[in-house]
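Spelled out from the first residue to the last, the chains are:
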Amino acid sequence: MLTCIIRYHIDPTKHAQFARYARAWGTAIPRCGADLVGYFAPHEASSTLAYGIYNIPSLAEYEAYRARLAADPLGRKNYAFAQAENFLLREDRTFLKCVSQPQKGTAE
């Protein structure tokens, strides 16, 4: 399993547009085959960093998922919305794999 973390640099005056964009992905991403953890918008400190996080089984599955997302009506609409509103200044994707287990209780 891979976790994709998208780091967005957003226009600090357009938080509402980012929130709308994130809510739309909340429907489209799971429908197209990824396990959405969530989208996270600035709250305190930085007003320009936001994140989208989802899990995908493999890079091959990621490529198929991206094709489905690009063909999805809501996905296309959301891409167009981001282009028209110009609130995404930069986005970087990182793929990570979990190498630990959640910690429960005390360490042995």
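Scroll up to find the structure this text is about.
First, a word on scope: everything that follows refers to the structure included in this document.

Quick notes on the rules
- Residues numbered from 1 in each chain as written.
- Predicted model: local features only at pLDDT ≥ 70, side-chain atom pairs only at ≥ 80, totals over all residues.
- Heavy atoms only, no water.
- Pairing = 2+ DSSP bridges.
- Helix = DSSP H or I, 4+ residues; strand = E, 2+ residues; numbered from the N terminus.
- Axes fitted to C-alpha atoms, helices over the stretch in contact; angles between N-to-C directions.
- Contact = heavy atoms within 4.5 Å.

1. What about the sheet that holds strand E3 (residues 49-56)?
Logical step 1: Strand order in this open sheet of four strands is E2-E3-E1-E4, and the pairing throughout is antiparallel. Single-partner strands in this sheet number two, and they are strand E2 (35-40) and strand E4 (88-96). Ignoring strand direction, the axes of neighbouring strands in this sheet form an average angle of 15°.
Logical step 2: Bridging between E2 and E3 involves five bridges; their strand directions are antiparallel. Bridging across to E3, aspartate 35 finds its partner in asparagine 55.
Logical step 3: Across the sheet, helix H1 (residues 15-32) touches strand E1 (2-10), E2, E3 and E4, and the angle it forms with E2 is around 175°.

By themselves these figures say nothing about function.
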